[in-house]
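Reading the structure
This is what each chain is made of:
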Amino acid sequence: MPFAARLLHKHDFKQYEGLFARYLDVQKQIDIDELSETEVRGRWKSFLGKWNRGELAEGWYDPEARWRADDRWKNRPTGVGRGRAELVTRKDAPIPPRPLQVGVNDKEDAQEDSDDDGYGPALPDRKSRMLGASIPSLQDLQHRQELISEAHQNPRTDLQYSRKVERGLQKDRLEELAPRADPGSRERQLEKKADKTSTLHAFREAKDGGDVEVNDQEMMGGGEDEFKRELKRRETVKSEREVRKEEALRARMAEREERMKGVRAKEEKMMDMLRSLARERFG
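If you're wondering where the values come from, they're calculated on a predicted model, not measured in any experiment. Chains are numbered independently. Their residues run from 1 in the order of the written sequence. With the structure being a predicted model, the display of local features is reserved for residues of pLDDT at least 70 and the display and counting of side-chain atom pairs for 80 or more, all residues being used for whole-chain, interface and lining totals. Excluded from the side-chain calculation are hydrogens and water; included are all heavy atoms of the structure.

Here's the deal with the layout of surface pockets
Take a probe with the size of a water molecule and roll it over the atoms, and the empty space left behind shows itself. This is how the line gets drawn: The method works on a 1 Å grid over the protein atoms by themselves. A cavity is a set of points holding a 1.4 Å probe that cannot get out, a pocket is an open set with protein on both sides within 12 Å along at least five of seven lines, and residues with an atom within 4 Å of a point line them. Grid points are joined across faces, edges and corners, and a volume is the space filled by probe spheres set on the points. In DSSP terms, a helix is any run of H or I states spanning at least four residues, a strand is any run of E spanning at least two, and both are numbered starting from the N terminus. Each residue gets one label: Ala, Val, Leu, Ile, Met, Phe, Trp, Tyr, Cys and Pro are nonpolar, Asp, Glu, Lys and Arg are charged, and the others, such as Gly, are polar.
Roughly 230 Å³ of volume is contained in the second largest pocket. Those elements that provide at least two residues to the lining of the second largest pocket are α1 (17-27) and α3 (63-74). If one sorts the elements of the lining of the second largest pocket by residue count, α1 sits on top with four residues. Per-class residue counts for the lining of the second largest pocket are six nonpolar, two polar and six charged.

A word on the packing of α1 against α3
The description of two helices packed together rests on the angle between their axes and the distance between the axes. Heads up, the condition is: Note on definitions: angles span 0 to 180 degrees between N-to-C directions of axes, and those axes are lines fitted to C-alpha atoms, for helices only across the stretch in contact. Under this scheme an angle from 65 to 115 degrees is roughly perpendicular, one under 35 degrees roughly parallel, and one over 145 degrees roughly antiparallel; angles in between are oblique. Whether two residues are in contact is decided by their heavy atoms, any of which lying within 4.5 Å being enough.
Where α1 contacts α3, the axes come no closer than 7 Å and their chain directions differ by 90°. When the axis of α1 is compared with that of α3, the two are roughly perpendicular. Note on element contacts: α3 touches α1 through A65, R66, A69, D70, R72 and W73, opposite E17, G18, L19, A21 and R22. Tallied by class, the residues present in the contact of α1 with α3 amount to five nonpolar, one polar and five charged.

Looking at the nonpolar core
What counts is decided by this rule: The criterion is simple. A nonpolar core is a set of buried Ala, Val, Leu, Ile, Met, Phe, Trp, Tyr and Cys residues joined through side-chain atoms within 4.5 Å. Burial status follows relative accessibility: with a 1.4 Å probe on protein chains alone, a residue under 20% of its type maximum counts as buried, one over 50% as exposed, and anything between as partly exposed.
Within the largest apolar cluster, 23 residues are counted, with the highest numbers of intra-cluster contacts made by F20, F47 and W51. For this core, the elements supplying multiple residues, two or more each, are α1, α2 (37-53) and α3. The element contributing the most residues to this core is α1, with six residues. F20 has contacts with F13, I32, V40, R43, W44 and F47, leaving out every residue within four places of it along the chain.

A closer look at the pattern of salt bridges
Defined as follows: Whenever Lys or Arg places a side-chain nitrogen within 4 Å of a carboxyl oxygen from Asp or Glu, that contact is recorded as a salt bridge.
Applying the stated rule across the entire model yields nine salt bridges. A salt bridge links D12 to R6; the nearest nitrogen and oxygen atoms lie 3.3 Å apart. Taking relative accessible area as the criterion, R6 reaches 39% and is therefore assigned partly exposed. Among the ionic contacts, a cluster of salt bridges with common partners joins E230, R233 and R234.

Points about α3
This is how the line gets drawn: The span one expects for a helix is its residue count, reduced by one, times 1.5 Å. Taken from the helix axis, the directions to the C-beta atoms give the arc we talk about.
For α3, which comprises 12 residues, the first-to-last C-alpha distance of 17 Å matches the rise-based estimate of 16 Å (1.5 Å per residue) to within 8%. Among the residues making up α3, those that are buried are A65, A69, D70 and W73. Viewed along the axis of α3, the buried residues span an arc of 135°, placing them on a single side of the element. The exposed residues of α3 that point more than 90 degrees off its buried face are W67 and K74. In this structure, the buried residues of α3 make contact with α1.

Description of the confidence of the model for the protein chain
Here is the rule we go by: On a range of 0 to 100, pLDDT expresses the predictor's confidence in each residue.
In this model, the protein chain carries an average pLDDT of 75, and 70% of its residues clear a pLDDT of 70 or more. Below a pLDDT of 50 lies the segment residues 85-108, which in the model reaches 18 contacts outside its immediate sequence neighbourhood of four places, other chains included. Ignoring residues within four places in sequence, the model shows residues 114-121, a span with pLDDT below 50, making 11 contacts including any to other chains.

A closer look at unusual backbone geometry
Apart from glycine, the bulk of residues carry a negative phi angle, and the bulk of peptide bonds sit in the trans form. For A4, which is not glycine, the phi torsion reads 55° and is therefore positive. Looking at where A4 falls in the secondary structure, it is placed in the segment before α1. By relative accessible area, A4 is classed as exposed at 73%. The phi dihedral of Q29 falls on the positive side, at around 55°, and the residue is not glycine.

Description of α1
Of all the 11 residues making up α1, nine are buried; the element is thus mostly covered by neighbouring parts of the structure. Among all positions of α1, only E17, G18, L19, F20, A21, Y23, L24, V26 and Q27 are buried. Count one or two residues on from α1 and you reach Q29, which has phi positive near 55°.

In structure tokens, the structure reads:
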């Protein structure tokens, strides 16, 4: 059972009277002082069954909940119901016969008990009594990130807007100093043509890159001396390549010779061993 609670019996009514009254008030919206002795006895029996089967909410088994309920019960303003514990726990109390209508009501009350206990408000448990700041949720973290991004974005947006306004002011000032012709007029067409011509001239000059002087020797490939130098360079490269190739070939031949020497030595050793065995066996 939750909180290591013990099983209850009929004679425990006096000890748990405050908690039972709180249970009826919260779960059933019933004042225990307004019930008759028979109804209190039936309600207490139903409460015992649910308690012992562990069907109540976890908060009802909390010892702190019982202490609070006892304090509330002792400090209640009315004095009705003080001797109810003795009446309920008394075994020899006569039980009056129940009429048929009362039995129907008891059955309905039992059905209400089974229906309401699972959905009624539960007492706050220890987890809900934690004090201090709570752990931020994913929505809180996302909202904080949005605020940070907005704080970084606002200065950039303000700078872009100020630059746009400044360009607009400069354009207006230029229009005031050198006003353009009306759109669609011949003067405006001539201005557009002049702007286009100047743009094409600037592009052509940038593409040409200016005049470059080149002598005849560079244009003809440097002459005979340049050819001889190129031929000598190629021969040098070829000779260096052949030298490296010959060196690699000699290294491979030396390695092969070493391996062959090792193989021959093993063969000679094996043959000597076989000869010695043959001499020992055949004389």
